[in-house]
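Here are the chains, one letter per residue:
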Amino acid sequence: MNSDKIIQIKPLGFPWETEDPFLFCAHHRDEYPKGNEKMGIPTAALKDRVLGQDFAVKDGFRMYHGTHIPGFPHHPHRGFETITINKEGFVDHTDSLGAAGRFGAGDVQWMTAGKGIQHSEMFPMVYKEKENPLEIFQIWLNLPKVSKFVDPHFKMLWKDMIPTYKERDNNGNITTIDIIAGSYNDIEAPTPTPNSWASNPDNGVRVLTIKMDANAIWKLPKSMINGVNRTLYFYKGNSINIDGQNVKNYHAVKVNPKEDILLENGTNDGYLLLLQGKPIGEPVAKYGPYVMNTQAEIIEALNDYQKTRFGGWPWPSQEYVHDRNVGRFALHADGRKETR
C-alpha cells in the first residue's frame, strides 16, 4: 500500500472476515417477493432450491436453512455473542428461554449466548401486497474465557435508542453515522449486554454504520485507545477513496487506528460498516455454533447440548414466526415486554 494509514484491502466473501475480538460478520441482502398467507415464499418461487440448505442466490434471494419461510430455524450457540443490525425488513426471534421478538429497520438485537442457548431467526414475509426486501448484518463478537459460561442475555437496541450523528462537509454533503457500540464524537451508544467484551470502555469496541452522500468527504478520527483492530467494510456504492487508495464496492479496508483516515465518496451514496476493538488475545476453538478456547471445551459443549438442549424448545415449530399483524416487540425470559 502507498499509504501507511492503510494496512490491507481485501474483497468481501460470505461471511466477511473479521479480526479479534470479532469472529465474523455475515451480510444478508435478499430481494424477497410478496408473501403468501403464511408469510412464506410462494411455492412457485421455491422450485429447484435445496430447501433447508439454500445459500445460492436465485431470483435475488436465499432461503438459508428455512423451508417455507427464509431464515435460520432453531439452533444452539455457546461462548460468544451475536449482534444483529437490521437495515430493512423484519426478523422474528424465539429462544429456548422463552424470549421472543420482532425487530425491523434501524433496530439492533444483542444476544449473549454464554453457557448455552437455542434460538431461531426467521425472516417473515409480512407483506402480501408488495415485496419484502431484507438487509441485515450479523456480527459474532467473542467472549473471553472468564465470560463464556455466563447466563444467556437478550437485549434490544431499538432504532429510537441508537444515536445518529451527522457531519456536513464544505460542499454541504452529509455523512450519517449510527453509533451501535462504543462512542463517536463523545456520543455514547446504548449500553451493551452486561458481560460483553464491549461493556468495558477500555476494550475500545466500536460498531458504526455509515452512510455517505454522493461526493461526501469525511474524516474518521484516530482511536484514543491503543491496541485496537479497526476495519472499514465498504459494502454499497460505486467507489470510495480511502486516504489515497481507490476502493471498489464490497471490499474490506483494514486501517491504522493511530491515524486519522480521510474518506472521499464516489458519485453514488456510499455505505460502510466499521468494526473496532481490542483483541481478547486468547486461543479460539470453533465448531459451528460453538466458540470456546480448547477442543476439549468444544466436545463438552456438544455433549451438554445433547443432554440439555440448552433449555429445550418451548415454541410450536423450529421455524416459528409471530402473527402477521404484530408490530415490533421484545418479550424477555422474565416476562417483561417492550413494544415499538
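What you are looking at is a predicted structure, and each value in this text was computed from that prediction instead of being measured.

Undergrad: Quick one: what's the story with the side chain of Thr84, residue by residue and with numbers?
TA: Following the sequence through the fold, Thr84 ends up in strand β4 (residues 80–88). Taking relative accessible area as the criterion, Thr84 reaches 2% and is therefore assigned buried. Side chain to side chain, Thr84 and Gln138 meet in a polar contact 3.0 Å long. Not counting residues within four places of it along the chain, the set of residues in contact with Thr84 comprises Phe103, Asp107, Val108, Gln109, Glu121, Ile136, Phe137 and Gln138.

Undergrad: Go over the sheet that holds strand β10 (residues 153–157) with me, naming the residues and quoting the values.
TA: A sheet is described by the order of its strands in space; here five strands give the open sequence β2-β9-β4-β7-β10, paired in antiparallel fashion. Looking along the sheet, the strands with just one partner apiece sit at the ends: β2 (22–32) and β10. On average, each strand axis in the sheet is inclined to that of its neighbour by 15°, with strand direction left out of account. Pairing between β4 and strand β9 (residues 132–142): eight bridges, direction antiparallel. Looking at β9, one finds that Ile85 is bridged to Phe137.

Undergrad: Which residues make up the packing of aromatic side chains, and what values do they have?
TA: Within the structure shown, the criterion is met by 21 aromatic pairs. When the centroid spacing of 5.8 Å and the interplanar angle of 80° are considered together, the rings of Trp16 and Tyr250 count as edge-to-face. Taken as a pair, Trp16 in the loop between β1 (6–11) and β2 and Tyr250 in the loop between β19 (245–248) and β20 (251–255) lie far apart in primary sequence, 234 residues in all. Residue Trp16 is classed as buried on the basis of its relative accessible area, which comes to 1%.

Undergrad: Can you tell me about the pattern of salt bridges, naming the residues and giving the values?
TA: A full pass over the atoms with the stated rule returns 21 salt bridges. As a salt-bridge pair, Glu17 and Lys10 come within 2.9 Å of each other at their nearest N and O atoms. Its relative accessible area of 57% is what places Glu17 among the exposed residues. The salt bridge partner of Glu19 is Lys254, with a shortest N-O separation of 2.9 Å. Taken together, the positions of Glu19 in the loop between β1 and β2 and Lys254 in strand β20 put the pair 235 residues apart, joining distant regions of the chain. Several salt bridges converge on common partners, so that one network encompasses Arg29, Glu31, Glu88 and Glu135.

Undergrad: Quick one: what's the story with the layout of surface pockets, residue by residue and with numbers?
TA: Reported here for the largest pocket is a volume of approximately 570 Å³. Every residue lining the largest pocket is counted, 28 residues in all, and those nearest its centre are Gly182, Ser183, Tyr184, Glu188 and Arg206. Where the lining of the largest pocket is concerned, the elements lending two or more residues are β12 (174–181) and β13 (183–184). Looking at the lining of the largest pocket residue by residue, the classes come out as 13 nonpolar, nine polar and six charged.

Undergrad: Describe the sheet that holds β12, with residues and values.
TA: Taken in spatial order, the seven strands line up as β1-β20-β17-β22-β15-β12-β11 in an open sheet, and their pairing is antiparallel. Each of the sheet's edge strands pairs with one partner strand only, and the pair in question is β1 and β11 (164–168). Pairwise comparison of adjacent strand axes, ignoring direction, gives a mean angle of 20° for this sheet. Relative to β20, β1 runs antiparallel, the two sharing five bridges.

Undergrad: Provide a residue-level description of helix α1 (residues 295–308), including the pertinent values.
TA: Given a rise of 1.5 Å per residue, 14 residues ought to cover 20 Å, and the 20 Å separating the end C-alpha atoms of α1 matches this to within 8%. Among the residues making up α1, those that are buried are Glu297, Ile298, Ala301 and Tyr305. Down the axis of α1, the sector holding all buried residues measures 105°, keeping them to one side. Seen from the open side of α1, the exposed residues pointing more than 90 degrees away from its buried face are Gln295, Ala296, Ile299, Gln306 and Lys307. Looking one or two places after α1, you find Arg309, whose phi comes out positive at around 55°.

Definitions and cut-offs
Residues numbered from 1 in each chain as written. Predicted model: local features only at pLDDT ≥ 70, side-chain atom pairs only at ≥ 80, totals over all residues. Heavy atoms only, no water. Helix = DSSP H or I, 4+ residues; strand = E, 2+ residues; numbered from the N terminus. Buried < 20%, exposed > 50% of the residue type's maximum accessible area, 1.4 Å probe, protein only. Polar contact = N/O pair within 3.5 Å; in protein donor to acceptor, adjacent residues only side chain to side chain. Contact = heavy atoms within 4.5 Å. Pairing = 2+ DSSP bridges. Axes fitted to C-alpha atoms, helices over the stretch in contact; angles between N-to-C directions. Phe/Tyr/Trp six-rings, centres within 6.5 Å; stacked < 30°, edge-to-face > 60°. Salt bridge = Lys/Arg side-chain N within 4 Å of Asp/Glu carboxyl O. 1 Å grid on protein atoms, 1.4 Å probe; cavity = no way out; pocket = protein on both sides within 12 Å on 5 of 7 lines; lining within 4 Å. Points joined across faces, edges and corners; volume = space filled by probe spheres on them. Nonpolar A, V, L, I, M, F, W, Y, C, P; charged D, E, K, R; others polar. Expected span 1.5 Å × (residues − 1). Arc of directions from axis to C-beta.

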